[in-house]
Amino acid sequence: DGDEDIFYQRYAKLYSTMVELARQVVLSTSCFLGASAMARELFQNLTDMEKGNGGSASANIVGETRLGLSPVIDVFAASGRSNTRHEAIQFSHFVSGCSTPVSTSEEERKLKYPDA
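Just so it is clear, the structure is predicted and the values come from calculations on it, not from any experiment.

Enquirer: What is the right way to read the overall build of the protein chain from this model?
Expert: Within the protein chain one finds 5 helices and 0 strands. Starting at the N terminus and ending at the C terminus, the protein chain contains elements arranged as α-α-α-α-α. Looking at the protein chain as a whole, 16% of its 116 residues qualify as buried. Entry remark: accessible area of the protein chain is about 8400 Å², with carbon and sulfur atoms responsible for 58%.

Below, the structure is given as structure tokens:
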């Protein structure tokens, strides 16, 4: 359609700025969601291993649908529990740093544990 061409020709700098900002938003959102999913899956895998459920090899434990990150999780799990726990904590710290406290209890926890 010719309307996009007209907009681009008249407002090329605005168009470029908007595209770049959209890319940054998509990248930031992707990083946040990826880290959130990885932290959840790693912690769940550790919980499964501690309960004797076999870790990531068990995709549907008690009817729970997993995210399908099993091959990636297996790489972390193969390096040992302490490393898996460390990576899970790193991912959760990244997510926590991207998040803002919403409730009063979250604000109090953030003040009590600023690095958590």
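Enquirer: Would you explain the nonpolar core in this entry?
Expert: Within soluble globular proteins, side chains that are nonpolar generally end up buried alongside one another. Among the nonpolar cores identified, the biggest contains 5 residues, and these are M38, L42, I73, F76 and A88. Of all the secondary structure elements, the ones that give two or more residues to this core are α2 (12–51) and α3 (70–78).

Enquirer: How do you make sense of a nonpolar patch on the surface when you look at a structure like this?
Expert: Taken together, the side chains of F7, Y8, Y11, L14, Y15 and M18 make up a nonpolar region of the molecular surface, amounting to roughly 590 Å² of accessible area. Listing elements by their share of the nonpolar patch, those giving two or more residues are α1 (2–10) and α2. Relative to the helices and strands, Y11 is located in the loop between α1 and α2.

Enquirer: So what exactly am I meant to see when it comes to the packing of α2 against helix α4 (residues 81–98) here?
Expert: The interhelical angle for the contact between α2 and α4, taken along N-to-C directions, is 145°, at an axis separation of 8 Å. Handedness of the α2/α4 crossing: left-handed. In this structure, α2 uses C31, F32, A35, S36, M38, A39, L42, F43, L46, M49 and E50 to contact α4, whose residues at the interface are R81, T84, R85, E87, A88, I89, F91, S92, F94, V95 and C98.

Enquirer: It is not clear to me how the confidence of the model for the protein chain should be interpreted in this structure. Could you clarify?
Expert: Predicted coordinates in areas of low pLDDT are best not read in detail. Of the residues in the protein chain, 81% reach a pLDDT of 70 or more, and the chain-wide mean stands at 80. In the model of the protein chain, α3 stands out as the element of lowest mean pLDDT, 74, in contrast to α2, which has the highest, 90.

Enquirer: Help me understand the packing of aromatic side chains in this model?
Expert: Here a ring pair, both rings aromatic, is described through the centre-centre distance and the interplanar angle of the planes. This model, assessed by the stated rule, comprises 3 aromatic pairs. Relative to Y11, the ring of F7 has its centre 5.4 Å away and its plane inclined at 40°; by these criteria the two rings are tilted. Its relative accessible area of 31% is what places F7 among the partly exposed residues. Residue Y11 is classed as partly exposed on the basis of its relative accessible area, which comes to 43%. Judged by centre distance (4.9 Å) and plane angle (85°), the rings of Y8 and Y15 are edge-to-face. Overall, the relative accessible area of 42% leaves Y8 in the partly exposed class. Through a chain of ring-to-ring contacts, the aromatic side chains of F7, Y8, Y11 and Y15 assemble into a single cluster.

Rules used in this analysis
- Residues numbered from 1 in each chain as written.
- Predicted model: local features only at pLDDT ≥ 70, side-chain atom pairs only at ≥ 80, totals over all residues.
- Heavy atoms only, no water.
- Helix = DSSP H or I, 4+ residues; strand = E, 2+ residues; numbered from the N terminus.
- Buried < 20%, exposed > 50% of the residue type's maximum accessible area, 1.4 Å probe, protein only.
- Areas by Shrake-Rupley, 256 points an atom, 1.4 Å probe, with all protein chains shown as cover.
- Core = buried A, V, L, I, M, F, W, Y, C linked by side-chain atoms within 4.5 Å.
- Patch = residues over 30% accessible without salt bridge, like charges linked within 9 Å, V, L, I, M, F, W, Y side chains within 5 Å.
- Salt bridge = Lys/Arg side-chain N within 4 Å of Asp/Glu carboxyl O.
- Axes fitted to C-alpha atoms, helices over the stretch in contact; angles between N-to-C directions.
- Left-handed = near helix turned anticlockwise from the far one by under 90°.
- Contact = heavy atoms within 4.5 Å.
- pLDDT = per-residue confidence, 0-100.
- Phe/Tyr/Trp six-rings, centres within 6.5 Å; stacked < 30°, edge-to-face > 60°.

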